[in-house]
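# Chain and residue survey
Chain by chain, the residues:
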Amino acid sequence: MLQIKDTLVSLDLIEDYFVCDLDKCLGACCIEGDAGAPLTDDEYERLCELMPQIYPLLSPAAKKVVEEQGPGYYDEDGDLVTSIVGGKDCVFTTYAPGGKCLCALEKAHNEGMIPFFKPRSCHLYPVRLTEYAGFTAVNMHHWKICKCARVLGRSKGVRAYEFLKDPLIARFGKEWYKELDTTAKEWLRQKE
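Worth saying up front: this structure is predicted, and the values here are computed from it rather than measured.

### Here's the deal with the overall build of the protein chain
Each helix and strand counted, the protein chain has 10 helices and 10 strands in total. Its C-alpha atoms give the protein chain a radius of gyration of 17 Å, within 12% of the compact-globule value 16 Å for 192 residues. For the C-alpha atoms alone, the extent of the protein chain along its principal axes is close to 55 × 40 × 35 Å. When burial is assessed residue by residue, the protein chain has 42% of its 192 residues classed as buried. In the protein chain, the proportion of contacts linking residues at least 24 apart, taken out of those at least 6 apart, comes to 64%. With an accessible surface of roughly 10,600 Å², the protein chain has 51% of that area assigned to carbon and sulfur atoms.

### A look at the side chain of Thr93
Relative to the assigned elements, Thr93 resides in strand β7 (residues 93-95). Aside from chain neighbours lying at most four places away, what touches Thr93 is Cys30, Ile31, Cys101 and Leu102.

### Structural notes on the sheet that holds strand β10 (residues 135-140)
Two strands in a sheet stick together by hydrogen bonds in their backbones, pointing the same way (parallel) or opposite ways (antiparallel). Spatially, β1-β2-β10-β9 is the arrangement adopted by the four strands of the open sheet, whose pairing is mixed. Pairing within the sheet leaves two strands with one partner each, and these edge strands are β1 (2-4) and β9 (127-132). Each strand axis lies, on average, 25 degrees off the axis of its neighbour in the sheet, ignoring direction. Examined bridge by bridge, β1 and strand β2 (residues 7-9) share three bridges and lie antiparallel to one another. From the neighbouring strand, Ile4 faces β2, where its bridge partner is Thr7.

### Details of helix α10 (residues 174-191)
The end-to-end C-alpha separation of α10 is 26 Å, in line with the 26 Å expected for 18 residues at 1.5 Å each. Within α10, burial applies to Trp176, Tyr177, Leu180, Asp181, Ala184 and Leu188. Around the axis of α10, the buried residues are gathered within 135 degrees of arc, so they sit on the same side. α10 presents Glu175, Lys178, Thr182 and Gln190 as exposed residues on the side facing more than 90 degrees away from its buried surface.

### Considering the pattern of salt bridges
For the structure on display, the rule yields 10 salt bridges. The salt bridge partner of Lys100 is Asp23, with a shortest N-O separation of 2.8 Å. In this pair, Lys100 is assigned in the loop between β7 and β8 (101-103) and Asp23 in helix α2 (residues 22-25), connecting sequence segments 77 residues apart. Ionic pairing is found between Glu111 and Lys107, a salt bridge with its closest N-O pair at 2.6 Å. Note on Glu111: relative accessible area 47%, which makes it partly exposed.

### Things to note about the state of the cysteines
One pass over the full model with this rule turns up zero disulfides. Free of any disulfide, Cys122 has its nearest neighbouring cysteine sulfur in Cys90, separated by 6.1 Å. Judged by relative accessible area, Cys122 falls into the partly exposed class, the value being 29%. Unpaired in this structure, Cys148 has its nearest cysteine sulfur neighbour in Cys25, at a distance of 4.7 Å. Owing to a relative accessible area of 17%, Cys148 belongs among the buried residues under this scheme.

Definitions and cut-offs
Residues numbered from 1 in each chain as written. Predicted model: local features only at pLDDT ≥ 70, side-chain atom pairs only at ≥ 80, totals over all residues. Heavy atoms only, no water. Helix = DSSP H or I, 4+ residues; strand = E, 2+ residues; numbered from the N terminus. Rg over C-alpha atoms; globule rule 2.2 N^0.38 Å. Buried < 20%, exposed > 50% of the residue type's maximum accessible area, 1.4 Å probe, protein only. Contact = heavy atoms within 4.5 Å. Areas by Shrake-Rupley, 256 points an atom, 1.4 Å probe, with all protein chains shown as cover. Pairing = 2+ DSSP bridges. Axes fitted to C-alpha atoms, helices over the stretch in contact; angles between N-to-C directions. Expected span 1.5 Å × (residues − 1). Arc of directions from axis to C-beta. Salt bridge = Lys/Arg side-chain N within 4 Å of Asp/Glu carboxyl O. Disulfide = S-S within 2.5 Å.

In structure tokens:
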């Protein structure tokens, strides 16, 4: 772990290669797992407010789930997560030809329909944050469905922290990212 301001950053974020390869994984992170994507209370409220603009983009099954329980729920662990359809799909999952999953929130944002991009946990994935008293742990989540992302990242020479530059800046700020980048480069140089 490396300390960057009030965070402890896993070395995996610096050492691992990673570039999402949607053409291979087809967005499996939106449909795999036993619960939806983690949400903050503020994100949940925002999704509720934006639902009129997002609703038309959802599948009929997703619309039914939203009508019954809203865009999120508390899972078995008591964590607030996005609602899921059929025990697997995130309620915001849409499908492109060929079966590729696309996020309705991201689509609506990119088309200028909503100001909200998507939940922080989705934007930062495969990074997972854990808040503690006085610091935040910044860890990589390792999942077999992302093997193709590690392969593509290695072939392009892109480290996970580099791939995640924009969401990391959105969460922690430019100054924090600059310190991470400098520290990461020095760490990797010393490992050579």
